[in-house]
Amino acid sequence: MNNRKRTGIITAVLGIVAFMALFNAGSPTAIIDWPVETYMGLAFTIGWLSNVPNWLAYVLAAVVLILIIVGFYKIGSWVYGLIVRR
């Protein structure tokens, strides 16, 4: 594993943690429950705003979270590439 991949993984982890912190700000939920609350809150938001069936809201919430993780990974590896000029 090279440094570019490591930087992408670290950025993805920090990005998803920041997203969970933003999504759970002001909630009295324990930090250990933040991933589940983020997923459920995102599914609720998608279902409520778009009036889709429940199963589709859960699938779309999972896809959105995966896309957020992949996006942060790509941004982190891209920034590392800019820094080292490779």
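None of these values were measured; they are calculated from a predicted model. (Residues numbered from 1 in each chain as written. Predicted model: local features only at pLDDT ≥ 70, side-chain atom pairs only at ≥ 80, totals over all residues. Heavy atoms only, no water.)

## Comments concerning the nonpolar core
Residues Ile16, Phe19, Leu42, Ala43, Ile46, Ala57, Ala61, Leu65 and Ile68 constitute the largest nonpolar core, which totals nine residues. Mapped by element, the contributors of at least two residues to this core are helix H1 (3-23), helix H2 (34-50) and helix H3 (54-84). When residues in this core are grouped by element, the largest group, four residues, is from H3. Every residue in contact with Ala61, bar those within four places of it in the chain, is listed here: Tyr39, Leu42, Ala43 and Ile46. (Core = buried A, V, L, I, M, F, W, Y, C linked by side-chain atoms within 4.5 Å. Buried < 20%, exposed > 50% of the residue type's maximum accessible area, 1.4 Å probe, protein only. Helix = DSSP H or I, 4+ residues; strand = E, 2+ residues; numbered from the N terminus. Contact = heavy atoms within 4.5 Å.)

## Side note on H1
The end-to-end C-alpha distance of H1, which contains 21 residues, comes to 30 Å, matching closely the 30 Å that a straight helix rising 1.5 Å per residue would cover. Along H1, the positions that sit buried rather than exposed are Gly8, Ala12, Gly15, Ile16, Phe19 and Met20. The arc that holds the buried residues of H1, viewed along the axis, is 130 degrees, so those residues lie on one side. Facing away from the buried surface of H1 by more than 90 degrees, the exposed residues are Ile10 and Leu14. Where H1 is buried, its residues touch H2 and H3. (Expected span 1.5 Å × (residues − 1). Arc of directions from axis to C-beta.)

## What to know about a nonpolar patch on the surface
A cluster of nonpolar side chains, contributed by Ile75, Trp78, Val79, Leu82, Ile83 and Val84, occupies part of the molecular surface with about 560 Å² of accessible area. In this fold, Leu82 is placed in helix H3. Judged by relative accessible area, Leu82 falls into the partly exposed class, the value being 39%. (Patch = residues over 30% accessible without salt bridge, like charges linked within 9 Å, V, L, I, M, F, W, Y side chains within 5 Å. Areas by Shrake-Rupley, 256 points an atom, 1.4 Å probe, with all protein chains shown as cover. Salt bridge = Lys/Arg side-chain N within 4 Å of Asp/Glu carboxyl O.)

## Re the packing of aromatic side chains
Where two aromatic rings form a pair, the distance of their centres and the angle of their planes describe that pair. Enumeration over the complete set of coordinates arrives at three aromatic pairs. The interplanar angle of 35 degrees and the centroid separation of 5.7 Å between the aromatic rings of Phe19 and Phe23 together place this pair among those described as tilted. Here Phe19 and its partner Phe23 are both found in helix H1, four residues apart, which amounts to about one turn of the helix. Summarising the aromatic geometry, the rings of Phe44 and Trp48 are spaced 6.1 Å apart at their centres and angled 10 degrees between planes, so their arrangement reads as stacked. Placement of both Phe44 and Trp48 in helix H2 is noted, with a separation of four residues, approximately one turn of the helix. Trp48 carries the same exposure label as Phe44, and that label is exposed. (Phe/Tyr/Trp six-rings, centres within 6.5 Å; stacked < 30°, edge-to-face > 60°.)

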